[in-house]
Structure formats: structure tokens, C-alpha cells
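# Topology and contacts: notes
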Amino acid sequence: FSGLTAMEKKLAEYKCNTNEAIQLKLVRFPEDLEDDNTTFNPEYSHQVFGDDEVAFGYKGLKILLYYIAGNLSTLFRIEYTSKVNEKFDCVEADDVESKIREIIPPGFCTNTDDFVSLLEKEVNFKPFGMLLHTYSVHNEEAGEDITYQIYKADMTCPGFQEYHERLQTFLMWFIETASFIDVDDERWNYFLVFEKYNKDGATLFATVGYMTVYNYYVYPDKTRPRVSQMLILPPFQGEGHGAQLLETVHRYYMSSPTVLDITAEDPSENYVKLRDFVLVKLCQDLLCFSPVKLMQGFSQEMVMEAQQKLKINKQHTRRVYEILRLRATDMGDAEQSRSYRLDVKRRLIGPYKKKQRELAKMRRCLRPEELTNQLNQIDLNMQHEQLEESFQQLVSDYRRVLERLAQA
């Protein structure tokens, strides 16, 4: 801090990291309010507080956003130990409250008593829409199986629009480039995951996560559902709910004759891993993916069957083929392993070759002949290294999918 004025030092103490200041909770019982174990924090807050993820003007800032576990009624409060004073410090504190109000819908509680009285009505909350799938997960801590359900809802379900407004606020904290969707567009489908739990002998439902899917029109009479957002709330992450949700959504669309295939908008790395697992699980029993056929290479038959039966597009089918072929390949056998490596690299090299052709074109216009050859040579060496790196990375991703499959 040397060289800073006393004033600057003082002001530096009034900066708070908003990812730490924001405290989120999903509340089932009144005692959850005091229990630090039920608190979780955002991964991101830059969409609300700017790239630095800092709120200025407070010491000991806490931004409390507590949600009732089922219908997500919200308590919003701000607490701090001290705040800069415009009169004395000549600077203004950030207006934290109005920033949060921009993303949470009106009608929230501001004091704990109101919130707790809403909690008593939670027993009346029921999931929206149509039940698609029920499954259970063994919980070590509780020493029992917990039941989960997946529903498909839309904006015509009474109360769903208001609930969705509260639910989508979580996107801001957990998806880096999140944006709210236009709910007036009827082509959106919503898939919701709930946990069933008991409270004083009654069965209640808690929100676990959800997915939004947009139905694109494909000429002349088909649709192409595209996964837009998917979020499993942090207290439930790592328990397999994402895979259950994605598989359920696939099965829902598979039964529709008008659906062409299912895609995703700008998928994250984690989503791609999840999708690999789910699609391989769905495809592994198709005849076209038998070990004998896998060894004969990627075929049109695989493309057709995966699309017709499971609504999977060609690009994703190719990945499924590579993963299943890896499982069927003895990588300790030099011949088999070489054949697999060449097969995958042939696909990986496609974009490189295209780039190569474009570069060559450019250079013909710009450079004398001998230079071009040298540069191409350098490129090729780099290309081989990059290709090998991409291949190794893929194989390690594929192995993780196969490990998870073996445990499923």
C-alpha cells in the first residue's frame, strides 16, 4: 500500500467481493436460516456488479437472498457493519439494493418473520405441469433413498410464470453468459427437477434445477429442439441430476415424430461431457453400434439409426461412435490402437486442412514461392503436435465417459 494516501487506504477497506458477499439459501425449515451449512455463494456476479465483481462503500457487506425451497418465495436483505458517508468521505456507496432489484422480481420479503410465515404455507406447493420421470438417489448422509421427479411445464400452468421469474435469477449467479428468455414466446419448453421430502408427516417438494428448450421450426413440418439453459442448483450438484434431466428430455422428444434432432446452444465444456455420457448410454444398445460394426468404421447406418430412434444429429453420433469404439478397442494391441488413432485423427484434421488451404491461397498472393514451402513445413510440424494433443485430450475425456458408464 506504500504511496497510497491515507484516504485511498481508507477507501480500499470499503471494497467487498460480491461473490462472497452474496449469500444464497434454499430454506426448508426455520432453523435453516441460522445454519451456515445451508448457505452457498455465486460463482459469478459480474453481470450485476461489473467485471471486478466488487461492491464499493461497505464493510462487512452481506447480501442475503434466501429462497423457500419449493416455490422460491424470496427474502432479500442487506447487512453491513459500516458504510461510507457522502457528507464526510465525499464518495458515494454503490446502490447495491437497486442492482439486485433489477434481477429479482417484485413481491419479495424484507424481514425474516414474513418469510417464516410464508414457509408454513409451503406444504401447499406442488410441482407444475406433467410428470415425466421419477427416480431415486441413495443419500449417504441421510442413510436412505431420496425420490426426485422431473416435470414438463409451460406458461399456461397457473402460477408458473411467477415461479419461473424467481427461478431464473439463479442463472445470473451460476452461468457465465446468462440471459433471461422471452417467456411470451410459446416455443419454449421448461423441464423442472424436484426433490420430495418430508416435513411433519407431509410430503413437500424442493426445487433442484431446470432446463429450457426452444423448439426451432425446420422446413417443411419438423422441429429441432435446442437446449438453451440448464442449471442444477449447487446443493444438488454432483449427484447425477443433470444426466437424469438430459436423458428425460431426450426421451420426451424421441417419442415425437415431428422432432428432427436435439441440439444445444453454445454448450459449455461440462455440458458436452454430460451429453457424451447420456448419448452413449442411449446408443450403446443399438445394433449399429455392436463391436463388430464399430470396428468397421463410422457408417451412414449409425447416422440414420441414431437420428431416427434417438433424435441425435450426425456430429454427436460421430462422437458417440468414437467413444464406443474406444471401449471396443484393445489399446494395448498395436494394430487396433493405430487404426483407432488414425480414424479419430482423420476427423480432427478436417478443420486444419481447410485452414491450410486458406493459408496457402493467401500466401500465393503475398509471398515468393520458396517462403511458402518453408512456412507450410513449419505449419505441418506444429499441426502434428496440436493434432496429437487434441487426440490425447479427447481420449482422456472419452475414458471418463466410459468410467462413468461402467458405474451407471
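What counts and how
Residues numbered from 1 in each chain as written. Predicted model: local features only at pLDDT ≥ 70, side-chain atom pairs only at ≥ 80, totals over all residues. Heavy atoms only, no water. UniProt positions renumbered as here; feature names shortened; annotations may be inferred. Pairing = 2+ DSSP bridges. Helix = DSSP H or I, 4+ residues; strand = E, 2+ residues; numbered from the N terminus. Contact = heavy atoms within 4.5 Å. Axes fitted to C-alpha atoms, helices over the stretch in contact; angles between N-to-C directions. Buried < 20%, exposed > 50% of the residue type's maximum accessible area, 1.4 Å probe, protein only. Phe/Tyr/Trp six-rings, centres within 6.5 Å; stacked < 30°, edge-to-face > 60°. Lys NZ or Arg CZ within 6 Å of the ring centre and 35° of its normal.

Under an unreviewed UniProt entry, the name given to the chain is Histone acetyltransferase type B catalytic subunit, and the source organism is Hemiprocne comata. Quoted verbatim from the Sequence similarities (unreviewed entry) field of the UniProt record, the comment on the chain reads "Belongs to the HAT1 family." One UniProt comment on the chain, placed under Catalytic activity (unreviewed entry), says "L-lysyl-[protein] + acetyl-CoA = N(6)-acetyl-L-lysyl-[protein] + CoA + H(+)".

### Section: the sheet that holds strand β13 (residues 222-232)
The strand order across the open sheet built from 6 strands is β9-β10-β11-β12-β13-β14, with neighbouring strands paired in mixed fashion. On the outer flanks of this sheet lie β9 (130-139) and β14 (263-264), each paired with one strand and no other. When strand β10 (residues 144-153) meets strand β11 (residues 188-199), the two strands line up antiparallel, connected through 6 bridges. Along β11, the bridge assignment pairs Gln149 with Phe194. Of the strands in this sheet, β10, β11 and β12 (202-218) touch helix α7 (residues 160-167), which is tilted by about 85° from β11.

### Observations regarding the pairing of β12
With 13 of 17 residues buried, β12 lies mostly within the body of the structure. In the sheet, β11 pairs with β12 via 12 bridges, with the strands oriented antiparallel. Paired with Glu195 across the two strands is Ala206, which belongs to β12. Counting the residues in the hairpin turn of β11 and β12 gives 2 residues, including Asp200, whose phi is positive at 50°. Summarising the sheet, β12 and β13 pair through 10 bridges and their orientation is antiparallel.

### Topic: the packing of aromatic side chains
Applying the stated criterion to the full structure yields 22 aromatic pairs. Pairing Tyr252 with Tyr253 gives two aromatic rings, centres 5.1 Å apart and planes at 75°, and the pair type is edge-to-face. For Tyr252, a relative accessible area of 25% translates into the label partly exposed. In this structure Tyr253 comes out as buried when scored by relative accessible area, which is 3%. Through pairs of rings, three or more aromatic residues link up here, namely Phe125, Phe128, Tyr151, Phe160, Tyr163, Tyr190 and Phe194. A cation over an aromatic ring shows up here: Arg28 above the ring of Tyr197, its NZ or CZ 4.4 Å from the ring centre. Above the face of the Phe277 ring, Arg404 is positioned so that its terminal group lies 4.1 Å from the ring centre.

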